[in-house]
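# Coordinate inspection notes
If you want the building blocks of each chain, they are given just below.
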Amino acid sequence: MDTKYIFVTGGVVSSLGKGIISSSLACLLKARGFRVTIQKFDPYINIDPGTLNPYEHGECYVTVDGHEADLDLGHYERFTNIRTTRANNITSGRIFQNVINKERHGEYLGKTVQIVPHITDEIKRNVKLLGKTGNFDFVITEIGGTVGDIESLPFLEAVRQLKWELGDDACCVHLTYVPYLGAAKELKTKPTQHSVKQLQEVGIQPDILVLRTEKDIPPEMRRKIAQFCNVAPDAVVQSADAPSIYEVPVRMHRQHLDEILLRICNVNDAPEPDMEPWYKFLNHMVDAKEEVTIGLVGKYVELQDAYKSINEALFQAATYNDRKLKLISIHSEQLHEGNVEEKLAPMDGVIIAPGFGSRGIEGKFVALKWCREHDIPTFGICLGMQCMVIEFARNVLGLRDANSTEMQPSTPHNVIDLMEEQKSVTDMGGTMRLGAYDCTLRPGSRAAQAYGSEHVSERHRHRFEFNNNYRAAFEEAGMKCVGENPDTHLVEVVEIPEKRWFIGTQYHPEYSSTVLSPNPIFIDFIKTAISFHEEKKNN
Ligand code: GLN
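Scope of this entry: the structure provided in the associated data block. (Residues numbered from 1 in each chain as written. Predicted model: local features only at pLDDT ≥ 70, side-chain atom pairs only at ≥ 80, totals over all residues. Heavy atoms only, no water.)

In this section: the environment of G66. Summarising the element assignment, G66 is placed in the loop between β3 (61–62) and β4 (68–69). On the basis of relative accessible area, G66 is assigned to the buried category, the value being 9%. With 43 residues separating them along the chain, G66 and S23 place their C-alpha atoms 21 Å apart. (Helix = DSSP H or I, 4+ residues; strand = E, 2+ residues; numbered from the N terminus. Buried < 20%, exposed > 50% of the residue type's maximum accessible area, 1.4 Å probe, protein only.)

Here it is, written out as structure tokens:
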């Protein structure tokens, strides 16, 4: 079978969940036995989202090969269990950079370099890059932004050309919004019609429409939309608000979205999707009646997407433990000794979030001291782990001025320090220690027990590290360095074995947690939080 290219575009408004629809489609196609990958094309000029703060673009996701990527790649992995790489996320910046580099190398010698055909050709080349490996039956390409944006135009022109060239090896799924007007008590289809018209104006006829809605769209309304938009009547499906994003694949399957797509792409005799493992997860979700309460201490907690992968990893772990996740956001800037007890006492477990810079850092120390002294299951991730180390140095080792040189370059006790290879780095973009590295865990440690293994590989995104000069002092005082990189001896995991569960990881285990393969350390953390909850209840 030739590789099929599915394009997912969006109209009317942003934030419709193109990533979830793309992921759901991939999930269904994979369950039918196809080899699938998803890629995201983002129309902004940044080379990657690594330099964007969470206010701009939510969480920065990291791939195994060390690419700082759009958070939608996190959804792709969580829904499909398939690893993405640098090739799965392309921005306008990268497209322009490639074209300009080629121009400087003289590859277009004599020619005027233009948006069409040079930028569009570079986009097309990148769209097909993964397909050309021969490793995939379906390449799903999500086009970021909204139809009508100036920035998206070169991407849409590339899609138009590809659809023309590829015939039924290409298909366009367009996502729109059908608003409900409370005053008129009516769902409105006009924005969808306008959005499809805009797509048609740039020469793209969508094959499938997915309508985002807060209310059920009656069949006659869907037929009307089909008629106005030149789309087959059954190829207009709705995506109503779901209680969980993980229900979307099933909802799409019930409306035959995958079947329609296969028909449009001329794929016959595809096996039915085997969604058994997925249903198993959903059943856990339904069965989960009791709650597990986890406090997330961070400085971006008011942003829905800032800690996306952590939220999802916790949710998956809670679900497999048959518990509803009650995630309480605790703003680290507002946490102090006067309110820490009131804020943290109701928690069954506490996560200290990753981050950069000193804003909110003192609140993290206050939280950690309280959690350590009250033996609360506590999980520090990246900066959260570094804060665990600093708090321990200050309050247990008695090194009052201990700090990270990120926060205080002149600290006399630099228990967290800039990594050697970072000292000569001046560029900000893509220069951290990024991607998956091996970690060896001490036999018998809580972390090794949690993973059921002494060898793990997890993803990183940091410049600072545990200062090995202090290792012996920490070990002696009870904070053990139980995980290290076998080549560089960088400390990857610390824990206090005498506590219920007090573990910090320099890496981000949340990035590798998926629906069908949840991360074991999150599972173990939630398990401990649940038994702590039971213990509190019985006392
Ligand atoms: N700012 C810290 C560092 O660069 C931690 C980074 C993080 O939490 N991702 O090492």
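Having seen the structure, we can now continue with the description.
What follows concerns the sheet that holds strand β2 (residues 36–42). Spatially, seven strands are ordered β5-β2-β6-β1-β7-β10-β11 in an open sheet, and the strand pairing comes out parallel. This sheet does not close on itself; its edge strands, each paired only once, are β5 (89–91) and β11 (236–240). In this sheet, neighbouring strand axes are inclined to one another by 20° on average, regardless of whether the strands run parallel or antiparallel. Direction of pairing for β2 relative to strand β6 (residues 138–143): parallel, over a ladder of six bridges. Pairing of V36 across the sheet is with F138, part of β6. (Pairing = 2+ DSSP bridges. Axes fitted to C-alpha atoms, helices over the stretch in contact; angles between N-to-C directions.)

Here we come to unusual backbone geometry. P117 follows V116 through a cis peptide bond whose omega is 10°. Backbone geometry places K185, a non-glycine residue, at a positive phi of 55°. Along the chain, K185 falls in the loop between β8 (180–181) and β9 (186–187). Judged by relative accessible area, which is 64%, K185 ranks as exposed. If you check the backbone angles, N230 has positive phi at about 60° while not being a glycine. Take N230: it is sitting in the loop between α8 (219–229) and β11. For N230, a relative accessible area of 55% corresponds to the exposed category.

Turning to the site of the ligand, a few remarks are in order. Taken together, P354, G355, F356, C382, L383, Q386, E406, R461, H462, R463, F464 and H508 form the complete shell of residues around the ligand. Side-chain polar atom of Q386 to an oxygen atom of the ligand: 3.1 Å apart, as the coordinates give it. Measuring from a nitrogen atom of the ligand, one finds a side-chain N or O atom of E406 at 2.7 Å. Computed on the free molecule, the ligand has an accessible area of 300 Å², of which 99% lies beneath the protein chains in the complex. Among the cavities detected, the one that contains the ligand is the second largest pocket. Put simply, the parts of the chain that give the shell around the ligand at least two residues each are α15 (383–395) and β19 (455–462). Per-class residue counts for the shell around the ligand are five nonpolar, four polar and three charged. (Near = heavy atom within 4 Å. Polar contact = N/O pair within 3.5 Å; in protein donor to acceptor, adjacent residues only side chain to side chain. Areas by Shrake-Rupley, 256 points an atom, 1.4 Å probe, with all protein chains shown as cover. 1 Å grid on protein atoms, 1.4 Å probe; cavity = no way out; pocket = protein on both sides within 12 Å on 5 of 7 lines; lining within 4 Å. Sits in = over half its atoms within 2 Å of the grid points. Nonpolar A, V, L, I, M, F, W, Y, C, P; charged D, E, K, R; others polar.)

A separate point is the sheet that holds strand β23 (residues 502–505). Ordered in space as β13-β12-β14-β15-β23-β22-β21-β18-β19, the nine strands form an open sheet in which the pairing is mixed. Pairing within the sheet leaves two strands with one partner each, and these edge strands are β13 (324–331) and β19. The average undirected angle you get between the axes of adjacent strands in this sheet is 25°. Running at roughly 150° to β13, helix α12 (residues 308–320) makes contact with β12 (291–298), β13, β14 (349–352) and β15 (378–381) of the sheet. (Contact = heavy atoms within 4.5 Å.)

Next up on the list: helix α7 (residues 190–201). In this model, α7 (twelve residues) spans 16 Å end to end at C-alpha, consistent with the 16 Å of a helix rising 1.5 Å per residue. Among all positions of α7, only T192, Q193, S195, V196 and L199 are buried. Considered in projection along α7, the buried side chains sweep an arc of 165° and stay on one side of the axis. Contacts made by the buried residues of α7 are with β1 (4–10), α6 (153–166), β7 (170–178), β10 (208–213) and α8. Just past α7, the residue G203 takes up positive phi, approximately 90°. (Expected span 1.5 Å × (residues − 1). Arc of directions from axis to C-beta.)

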